[in-house]
Amino acid sequence: MPHTTIEIPEKIPLYVQQEMVVFPYMLFPVFVTEKEMATFRATENYEKYLVFVFEKPENIPAGLPGGRSEIGTLCKVNQIKKLEDGRYKISLEGVTRLRILDTEREGSVTLAHCEIVREFVEKNMVSEALVQSLNALLKIALSHGKPLPDDVMKMIDYIDNPARLSDLVALYVSLPAADLQELLETVDPLERLKMVYLYLTNEVQRMQVKNEVAGEVTKRVGKNQKEYILREQMKHIQEELGDEDPRTSDMNDLRKRIEEAGLPEEVKKVADKELKRLERINQASPEYNVSRTYLDYLAGMPWDISTPDSLDIIRAEEILNEDHYNLKKVKERILEFLAVRSLKENMKGPVLCFVGPPGVGKTSLGKSIARSLGRKFVRISLGGVRDEAEIRGHRRTYIGALPGRIIKELYRCGANNPIFMLDEIDKLGNDFRGDPASALLEVLDPEQNFSFNDHYLDVPFDLSKVMFITTANQLDPIPGPLKDRMEVIRLAGYSSEEKLNIAKNFIVRREMEENGLKDRELEFSDEALLKVVSDYTREAGVRNLQRTVGSICRKVAKEITQNKDPRTQITPESVAELLGPKKFYNEVAAENDRIGVVTGMAWTETGGDILFVEVTTMPGKAELILTGSLGDVMKESARAALSYIEAHASEFGIQPDAFENRTIHIHVPSGAIPKDGPSAGVTMVTALVSLLTNKPAKRNVAMTGEITLTGRVLAIGGLKEKVLAAHRAGVRTIVAPERNRDDLEDIPDKVRNELQFTFINDAAEALAVAL
C-alpha cells in the first residue's frame, strides 16, 4: 500500500556525504563543524526536514552534479547539540525514500526539489516465505556471534512488511556503502528483500568459516598451552624430587661426551659453538634434530681412540697361514709392516691394492690381516658407486644430509686405525653427481689424508692411521692418479696342487660344517678332490670349487636323511656318481697334432686360459682374413707375423710362390668372446709356418710372446696365470720370451717341475720346439 500520510515542503535543504547510507526508520547522529551548520539551521524553515544523500565517488565524472545519488532519504532533525570541542551533534531520524528532481542554491545552502518514492507492498506467499527465511537467517547469524541488539530481534519478530524488514536488516549487515546505496535505490520491496537475503546468506557463510578456523586455532593453541603447562608441572615435580629436566640432562650428557671425546682444538671450538646454538633451538623445530645429529657424530667419532696393534710377528704369521694357503707376497708385506710398526710407533698406514681374478681370496684376506694385527675390520663395496657424496658426504644445508661412507664406518667401528677395505675399486662409475674416484684421491694419499674433510662434518679428520686395502679384478679401469697412490700386489690364480691343499685344509671342513656333517665320519680323498678340480671346475680361484664340494656334502646329507648307508669316503667314483658327467675336458690331451693349429696362452680378468690359433689357405687373391672377434692390436700382430714370414720365407723352406694368388685365413675359436693383445704373435707365426711348410704343430706345446717385424720376441704380462691355465689344460711344454725368465719364481714349484720351459729371443726358435 502506498505512503499517503507524509506531506513534504516544496524545497528541502540537501546534505551530501560519502561515509554512510541512511535508510528509513533509522535513528543516527551526525557530527558537523560550524561551517556545515548552515544547512541544518535552514531546516527550521522547512519543518525540520533534511534530504540525506550519499555521494558516489566513482560516479563524479559521469553521474549527477557532484556525483550525488538520485535516491536519498528524507530525515527529521530531532535535536541539535553543541559539544565542548566546538562541533555539533545532530540527531536525525530516517523517514522515507525521496527522488531528487532538481537542486538550487540559496546562499550557502543547497535546496532540493524532491518527490516521495512510492512503494507498493503486496502480501503473498513469496513475501511471507522470504520474511520467515530472513528471520531464521538472522537467528543463525546471532548464534555465530553476529552482534544484534535484543530490542531489534524482538522488533523483527513482529515485522511482516517486506519493505520495512529489508530496510531494518540492511542496517545490521556488514556491506560496503556502495552496496547499501544499491539497496536504497531498489524500489521494489520484494527485490530488496531478496538482495538482503543473499547478502545475509554470504555473511552467515563467512561467519561459519571464520568460526571453524577460529575453533581449530583455539584447539591447537589449547593443546600447546596444555603441553606447556604439563611440561612446567613436570619440571616442577622433577625439581622437587631432585631429578633433572630431560632437555637439560640431554644437553649436559652431550656436553660431557664432547669434553671426553678428545676433540682437536679446532674441532672443539666448532662443537662448543654448535652446542650453544642447539640450546637456543626449540625441540619442536626441525633444525633441532639436524644440529643434534651433527653433534652426535662429532662426539662419537674416534678422534683419539686406537686399538693397540698386536706386534707379535710369529703369531701374526700363524694367523695368516691358518686362514690362507700360499699368497707369500701378501703375507710378507704384512709382516714387513708389523716389523716397521714395532720399531716406529707413529707410522702412516700403507695403502695396498690386491689385484687378481675372482675367488682367489682378496676380500677374505683383508679380514685375516685385521685379525693378525688385532685391528677392527671395515669393508665397503664401491661397485656401481657413482655419487661423490658416497665418499665425501652431503653438506648440512641439504635435508637428510649424512656423512660419507668413510666417516660413517669409522663412527660405527669406534677406532681411528682399522683395516679399511674398499672392495671392487675398479668398478667405480661417474656421472653428473661427480666422480667418486677423484674423491678417493685425498682418502688414499698419505700426504693428504691426515686432514680429510668430509662435507658433512666440515672439520678435518685424520685418516693417516687407517690401513686401506683396495681390491680389483683389473688395473686398467682404475684412473692413473688413483693407481699411483696404491701399492699393487697381484694375486694370480691357484694351481691344481694349491687348490687341493685349500680344499683339504679349508673348504671341506667349512662345507661339512655348513651342511650338518661336522660330526660325521666323511673323508674326501686327494684323488676325488683333484677330479673335482680338473673335471668339474676350471677357474683361477676356488669359488666354484667350494660350491661343488658343498653340492657333494648336500647330496650326502640327503642320503643320510633317507636312511641309506652313510658314505665314509668320497672317491673319484663317488664324485662321478654324485655330480654326474664331467663338465670340462683336457682340450690338449684330447686332440692330435694338426697342421696349421697351434696352442696359445691368454690372460683374462678371471685368470689365464688357453686358445688355439687355426690357419688355412685357399685359392684367390692375395689377402689376409682374420676372424674370431679379434681386437685391433691382435689383428696388427697377425699382419706383422705374415710380413715377417714373407720376408724370411726361404729360411723356413717356404716356396716363393706360396703367397701368390692365395688367400690366408687366420681364425681363433670361441668367436663370441672378444680377444685382444699382442702376446699371440709367436703363436700366429708358428701356425702360419706349420701350414705353409705342411708340418704338424705339437698340440702339447703352448706359447706366448709379442713379435716385431724383424722376428724379435718381446716380453708379455701375466705369465703365471697363463702357465697355470696351460698346466690345467694338459700342456707339457711352454715357449715364452727370454725376458720373462725371471717370472718363473712366481710359479709354484710343483707346476714348474711338471713343465718344460723354453725361453726364446727370436720367433724362429719357437719353430724348432713346436713343429
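In this text, all values refer to a predicted model and were calculated from it rather than measured experimentally.

Focus: the overall build of the chain
When its secondary structure is counted, the chain shows 25 helices and 26 strands. A compact globule built from 771 residues should have a C-alpha radius of gyration of about 28 Å, whereas the chain, at 52 Å, is more than 25% larger. Principal axes of the C-alpha set define a box for the chain whose edges measure 150 × 85 × 65 Å. Buried positions account for 47% of the 771 residues belonging to the chain. In the chain, of all internal contacts separated by at least 6 residues, the share reaching a separation of at least 24 is 74%. Averaging the positions of the 103 positive and the 120 negative side-chain charges in the chain gives two centres separated by 2 Å.

Topic: the pairing of strand S26 (residues 756–760)
By the criterion of burial, S26 is predominantly enclosed, with four of the five residues buried. Inspection of the sheet shows strand S25 (residues 733–737) paired to S26 by five bridges, in the parallel sense. Opposite Val735, over in S26, you have Thr758 as the bridge partner. Considered for its hand, the β-α-β crossover made up of S25, helix H24 (residues 749–754) and S26 is right-handed.

Description of the packing of aromatic side chains
Taken as a whole and judged by the stated rule, the model has ten aromatic pairs. An angle of 85 degrees between the planes, with centres 5.5 Å apart, marks the rings of Phe28 and Phe52 as edge-to-face. With Phe28 in strand S2 (residues 27–32) and Phe52 in strand S3 (residues 49–54), this residue pair connects regions lying 24 residues apart in the sequence. The burial state of Phe28 is the same as that of Phe52; both residues are buried. The ring of Tyr49 carries the charged tip of Lys76 above its face, separated from the ring centre by 4.5 Å. Positioned above the aromatic ring of Tyr294, the side-chain terminus of Arg396 is 3.7 Å from the ring centre.

Regarding a nonpolar patch on the surface
The grouping of Val209, Val213, Val217 and Val221 at the surface amounts to a nonpolar patch, some 320 Å² of accessible area in total. Locating Val221 in the fold gives a position in helix H6 (residues 189–241).

Looking at empty space enclosed by the protein
Counted by the stated rule, this structure contains two cavities of 30 Å³ or more. Approximately 40 Å³ is the volume attributed to the largest cavity. Around the largest cavity, the lining residues are Val355, Gly356, Pro357, Asn473, Arg490, Leu491, Trp603 and Glu721. For the lining of the largest cavity, the residue count by class is four nonpolar, two polar and two charged. Computed from the structure, the second largest cavity encloses a volume of approximately 30 Å³. For the second largest cavity, the full set of lining residues is Lys348, Gly349, Val351, Pro446, Asn449, Leu463, Ser464 and Val466. Looking at side-chain class alone, the lining of the second largest cavity contains four nonpolar, three polar and one charged residues.

Some thoughts on the layout of surface pockets
Its boundaries defined by the atoms lining it, the largest pocket holds a volume of some 970 Å³. As for the largest pocket, its lining consists of 34 residues, of which Lys329, Arg490, Ala492, Lys720 and Asp746 are closest to the centre. Elements that contribute at least two residues to the lining of the largest pocket include exactly helix H11 (328–343), strand S13 (487–490), helix H17 (496–514), helix H23 (719–728) and H24. In this structure, the second largest pocket spans a volume of roughly 760 Å³. Lining the second largest pocket are 27 residues, with His324, Gly361, Ser364, Arg510 and Gln546 positioned closest to its centre. Per-element accounting of the lining of the second largest pocket gives the leading share, six residues, to H17. Taken together, the residues of the lining of the second largest pocket break down into eight nonpolar, nine polar and ten charged.

Considering the nonpolar core
Ile406 and Ile425 are the most contacted members of the largest nonpolar core, which totals 54 residues. In this view, Ile425 contacts Leu382, Leu440, Leu444, Thr470, Thr471, Ala472, Ile478, Leu482 and Met486; residues no more than four positions away in its chain are not counted. Among the nonpolar cores identified, the runner-up in size contains 48 residues, and Ile334, Ala370, Ala528 and Ile560 belong to it.

Considering the pattern of salt bridges
This model, assessed by the stated rule, comprises 37 salt bridges. In this structure, the salt-bridge partner of Arg371 is Glu322, at a minimum N-O distance of 3.5 Å. Placement of Arg371 in helix H12 (residues 362–373) and of Glu322 in helix H10 (residues 313–323) is noted, with a sequence separation of 49 residues between them. Taking relative accessible area as the criterion, Glu322 reaches 42% and is therefore assigned partly exposed. Between Glu577 and Arg567 there is a salt bridge; the shortest N-O distance is 3.0 Å. One end of the pair, Glu577, is in helix H20 (residues 572–579); the other, Arg567, is in the loop between helix H19 (543–561) and strand S15 (569–570), with ten residues separating them in the sequence. Here the residues in one salt-bridge network are Arg315, Glu318, Glu322, Asp323 and Arg371, joined through shared partners.

Quick word on helix H5 (residues 177–185)
Every buried residue of H5 is listed here: Leu180, Gln181, Leu183 and Leu184. The buried side chains of H5 occupy one side of the element, clustering within an arc of 155 degrees when seen end-on.

Looking at a positive patch on the surface
A cluster of basic residues, Arg554, Lys555, Lys558 and Lys564, forms a positive patch at the surface. You can see Lys564 is positioned in the loop between H19 and S15. Assessed through its relative accessible area of 47%, Lys564 is described here as partly exposed.

Regarding unusual backbone geometry
Located in the positive-phi region is Glu47, a residue other than glycine, with phi close to 60 degrees. Its place among the elements puts Glu47 in the loop between helix H1 (37–42) and S3. With a phi angle near 60 degrees, Asp458 is a residue other than glycine that sits in the positive phi range. Among the secondary structure elements, Asp458 is positioned in the loop between strand S10 (452–453) and strand S11 (460–461). According to the relative accessible area criterion, Asp458 is partly exposed, its value standing at 48%.

So, the environment of Glu721
Here Glu721 is to be found in helix H23. Classification of Glu721 as buried rests on a relative accessible area of 10%. Considering only alpha carbons, one finds Glu721 and His394, 327 residues apart in sequence, at a separation of 43 Å.

Some words on the sheet that holds strand S12 (residues 467–472)
Strand order in the open sheet made by the five strands is S8-S9-S12-S7-S13, with parallel pairing throughout. Looking at strand neighbours, the two that pair on one side only are strand S8 (377–381) and S13, the edges of this open sheet. Looking at each pair of strands side by side, their axes are set apart by 20 degrees on average, direction ignored. Its contacts with the sheet put H11 on strand S7 (351–355), S12 and S13, and the angle it makes with S13 is roughly 145 degrees. The strands that H12 touches are S7, S8, strand S9 (419–423) and S12; relative to S9, the one it contacts most, it runs at about 175 degrees.

Thoughts on the environment of Tyr49
Here Tyr49 shows up in strand S3. Exposure remark for Tyr49: the relative accessible area of 11% places this residue in the buried category. Sequence-wise, Tyr49 and Pro9 are 40 residues apart; in three dimensions their C-alpha atoms are separated by 8.3 Å. Apart from the residues lying within four places of it in its own chain, the contact partners of Tyr49 are Ile6, Glu7, Pro9, Ile12, Pro13, Thr43, Leu74, Cys75 and Lys76.

Observations regarding H17
Ala503 marks the point of greatest bend in H17, at about 50 degrees. Considered for burial, the residues of H17 that qualify are Ser496, Glu498, Lys499, Leu500, Asn501, Ile502, Ala503, Phe506, Ile507, Val508, Glu511 and Met512. Buried residues along H17 sit against H10, strand S14 (523–524), helix H18 (526–536), H19 and H23. Once H17 ends, the next one or two residues include Gly516, with phi positive near 75 degrees.

Rules of the game
- Residues numbered from 1 in each chain as written.
- Predicted model: local features only at pLDDT ≥ 70, side-chain atom pairs only at ≥ 80, totals over all residues.
- Heavy atoms only, no water.
- Helix = DSSP H or I, 4+ residues; strand = E, 2+ residues; numbered from the N terminus.
- Rg over C-alpha atoms; globule rule 2.2 N^0.38 Å.
- Buried < 20%, exposed > 50% of the residue type's maximum accessible area, 1.4 Å probe, protein only.
- Contact = heavy atoms within 4.5 Å.
- Lys, Arg positive; Asp, Glu negative; His and termini not counted.
- Charge placed at Lys NZ, Arg CZ, Asp CG, Glu CD.
- Pairing = 2+ DSSP bridges.
- Right-handed = clockwise from strand over helix to strand, strands pointing away.
- Phe/Tyr/Trp six-rings, centres within 6.5 Å; stacked < 30°, edge-to-face > 60°.
- Lys NZ or Arg CZ within 6 Å of the ring centre and 35° of its normal.
- Patch = residues over 30% accessible without salt bridge, like charges linked within 9 Å, V, L, I, M, F, W, Y side chains within 5 Å.
- Areas by Shrake-Rupley, 256 points an atom, 1.4 Å probe, with all protein chains shown as cover.
- Salt bridge = Lys/Arg side-chain N within 4 Å of Asp/Glu carboxyl O.
- 1 Å grid on protein atoms, 1.4 Å probe; cavity = no way out; pocket = protein on both sides within 12 Å on 5 of 7 lines; lining within 4 Å.
- Points joined across faces, edges and corners; volume = space filled by probe spheres on them.
- Nonpolar A, V, L, I, M, F, W, Y, C, P; charged D, E, K, R; others polar.
- Core = buried A, V, L, I, M, F, W, Y, C linked by side-chain atoms within 4.5 Å.
- Arc of directions from axis to C-beta.
- Axes fitted to C-alpha atoms, helices over the stretch in contact; angles between N-to-C directions.
- Bend = angle between axes of the 7 residues up to and from the residue.

In short, geometric facts, not functional conclusions.
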